[in-house]
Amino acid sequence: MTELGFGKERRLLTATDYQSVFNGASFRVSRRQILILANENPSGKTRIGLVIAKKHVRLAVQRNRLKRLTRESFRHHQQLLNGLDIVMLARGGLDKLDNDAVTNMLEQLWQDLCKRRNHNARQ
RNA sequence: CGAGCUGGCCAGGCAGUCGCUGCCCGGUUGCUGGUUUUGCGCAGUUUUGCGUGAAUUCGGCACCAGGUGGAGGAAAGUCCGGGCUCCAAAGAGCAAAGCGCCAGGUAACGCCUGGGGGGUGAAAGCCCACGGAAAGUGCAGCAGAGAGUAGACCGCCUAAGCGCAUAGCGCCGGUAAGGGUGAAAGGGUGCGGUAAGAGCGCACCGCGCGACUGGUAACAGUUCGUGGCAUGGUAAACCCCGCUUGGAGCAAGGCCAAAUAGGGACCCUUCGGUGUGGCUCGCACUGGGUCCGGGUAGGCUGCUUGAGGUUGAUAGUGAUAUCAAUCCCAGAUGAAUGACUGUCCCAGACAGAACCCGGCUUAUCGGCCAGCUCGAUUU
RNA sequence: GGCUGGAUGGCAGAGUGGUCAUGCAGCGGACUGCAACUCCGUUAACGCCGGUUCGAUUCCGACUCCAGCCU
């Protein structure tokens, strides 16, 4: 298993997985077009789930594009986010950004999330 | 060469690194299920049964390595038509809905092909929900005299008859040629005719009906006969005629199954009730007896070999069909087909499969090929 | 993914083949010392594009948008 892999065990799979993150979200970082919720995973795995509603991003091509970009970014930064269950929610207007903008934004969000986590750990 | 029309095709390429997923092949790897042989223990009269250990071999899952495949012409809208599944073995009648020139194609269609008719364009071509209004009912505001058995507002006429009493006026009337209204005013043009007019008569055009000819038919015809001429519009108003349609949908349906609640399956009976698609019939359930399984979260399946693609031959004007050879070409399930870097060019539009096909419609950068029309020029 | 329903002034909400009610809101006026209430008057709409019809908000087709249901 390589360090940058992205298999089934790295994803949130069921409705109950999503519910646990939504109900007890310990971390919450956002930008205008993206909201990220996260929670410590009890078994120490790193997993991500995507919520990109049709209401916010109308075209299927755009939804697929955003999912791919997010997964790719997550895949590259998963060492940083070790042991978290993460849910990424898209807001309106995200489909208007190009690939570079989305990738940069996600990178900043990962950093924010990491800082928030370290801050909590010290307290 | 320019302007235009029709049909078909393509949908950024290449290299490297990282990543996702289906299938195939392999593994001194891990977990797990079975086959065969055999050791030991227990039971038994024996065949043997149970427990346990070893070897053997066949799978399944995970992981690793390699190979190979991985969005569209519209995948879209869900507007039609089918397959498939369940509802009863999907049946009968009514109601309701859809379609509508003719012939053919097709599994089927509201689609396609060919033909006819109408419209449009200089032409190639393009467009058309294109049955019936002499079966019946309804509708047409306003305007207008009159809106469907036509109709005297203005106008025209005053021959015949009557009155005044005389180139005239009035009464009784006549008249659809002209004006005006309207979306629409009941064949058109000309001549005759007349008081003025009128298919009143005639000629030509148009129209209806019948015959004949051509065509499978729709329909057509410098054809013949006949009728003075009707049958205004609206059926995407009700309707009539002909044809078609049972309803739901893969979140259909089937299987395995934590939790939770009390029902569930089979047999017998048919008064009432409930349900199945709008109603009726019909059918199923509810009632009594016997026996224990049923099922939410979740998982598996349905799930991709098909009215299939490619090439060729044959039949046909064509849509298409038949035959032969050959190929296997996405199958995901929080949902794969991507990201980054470099490079080239004509600088990449619209846009992402979700059970599967056939169409239609809508979105769309740019390019290629073939055929046709018109114009210009040269030989 | 599939299946339904809808779109009428700023808001709510009827309606029908012939220039669309009604209420609230807005504006102007009357009443009042000023307001409220009340009364009178007035502005403003059929989602968009085609077709059928003499005429479409209504009938038919396509498009856009908004709700709801099935897991």
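For the structure, see preceding data.
Residues numbered from 1 in each chain as written. Chains lettered and ligands numbered in written order. Predicted model: local features only at pLDDT ≥ 70, side-chain atom pairs only at ≥ 80, totals over all residues. Heavy atoms only, no water.

Colleague: It is not clear to me how the protein's contact with RNA strand B should be interpreted in this structure. Could you clarify?
Modeller: What surrounds RNA strand B is a group of 20 residues, the closest being Arg11, Tyr18, Asn64, Arg68 and Arg75. Sugar plus phosphate: this is where 77% of the atoms of RNA strand B within 4 Å of the protein reside. Taking Arg11, its side chain carries an N or O atom lying 2.9 Å from a phosphate oxygen of RNA strand B. Elements with a contribution of two residues or more to the surface near RNA strand B: strand S3 (47-51) and helix H2 (60-77). Sort the elements by how many residues they give to the surface near RNA strand B and H2 lands first, with seven residues. Counted by class, the surface near RNA strand B contains 11 nonpolar, three polar and six charged residues. (Near = heavy atom within 4 Å. Polar contact = N/O pair within 3.5 Å; in protein donor to acceptor, adjacent residues only side chain to side chain. Helix = DSSP H or I, 4+ residues; strand = E, 2+ residues; numbered from the N terminus. Nonpolar A, V, L, I, M, F, W, Y, C, P; charged D, E, K, R; others polar.)

Colleague: Would you mind showing me how to read the side chain of Asn39 here?
Modeller: Within the secondary structure, Asn39 is located in strand S2 (residues 34-40). Relative accessible area serves as the criterion here: at 17%, Asn39 is assigned to the buried category. In this structure, Asn39 is in contact with Ser20, Val21, Gly24, Ser26, Phe27, Gly83, Leu84 and Asp85, ignoring residues within four places of it in sequence. (Buried < 20%, exposed > 50% of the residue type's maximum accessible area, 1.4 Å probe, protein only. Contact = heavy atoms within 4.5 Å.)

Colleague: In this structure, what is going on with H2? I would like to understand it.
Modeller: The periodicity of an α-helix, 3.6 residues per turn, causes residues three or four positions apart to be oriented the same way. Between its first and last C-alpha atoms H2 spans 26 Å; for 18 residues at 1.5 Å apiece the expected length is 26 Å, and the two agree. For H2, the complete set of buried residues consists of Arg63, Arg65, Leu66, Leu69, Thr70, Ser73, Phe74 and His77. Buried positions in H2, seen along its axis, are confined to an arc of 160 degrees and lie on one side of it. Residues of H2 that are exposed and angled more than 90 degrees away from the buried face: Val61 and Arg68. In this structure, the buried residues of H2 make contact with S3, strand S4 (84-90) and helix H3 (99-122). (Expected span 1.5 Å × (residues − 1). Arc of directions from axis to C-beta.)

Colleague: Sorry if this is basic, but what is going on with the layout of surface pockets here?
Modeller: Rolled over the atoms, a probe as big as a water molecule pinpoints where empty space is left. Roughly 170 Å³ of internal volume is contained in the largest pocket. Of all the secondary structure elements, the ones that give two or more residues to the lining of the largest pocket are S3 and H2. Counting residues per element, the lining of the largest pocket draws most heavily on S3, at three residues. Looking at the lining of the largest pocket, its residues break down into six nonpolar, one polar and four charged. (1 Å grid on protein atoms, 1.4 Å probe; cavity = no way out; pocket = protein on both sides within 12 Å on 5 of 7 lines; lining within 4 Å. Points joined across faces, edges and corners; volume = space filled by probe spheres on them.)

Colleague: Please clarify how the environment of Arg11 should be interpreted in this entry.
Modeller: Looking at where Arg11 falls in the secondary structure, it is placed in the segment before helix H1 (15-23). Of the residues examined, Arg11 reaches a relative accessible area of 31% and is grouped as partly exposed. Along the chain, Arg11 and Asp85 lie 74 residues apart, while their C-alpha atoms are 8.6 Å from each other. Residues contacting Arg11, with those up to four places away along its chain left out, are Phe6, Arg47 and Ile48.

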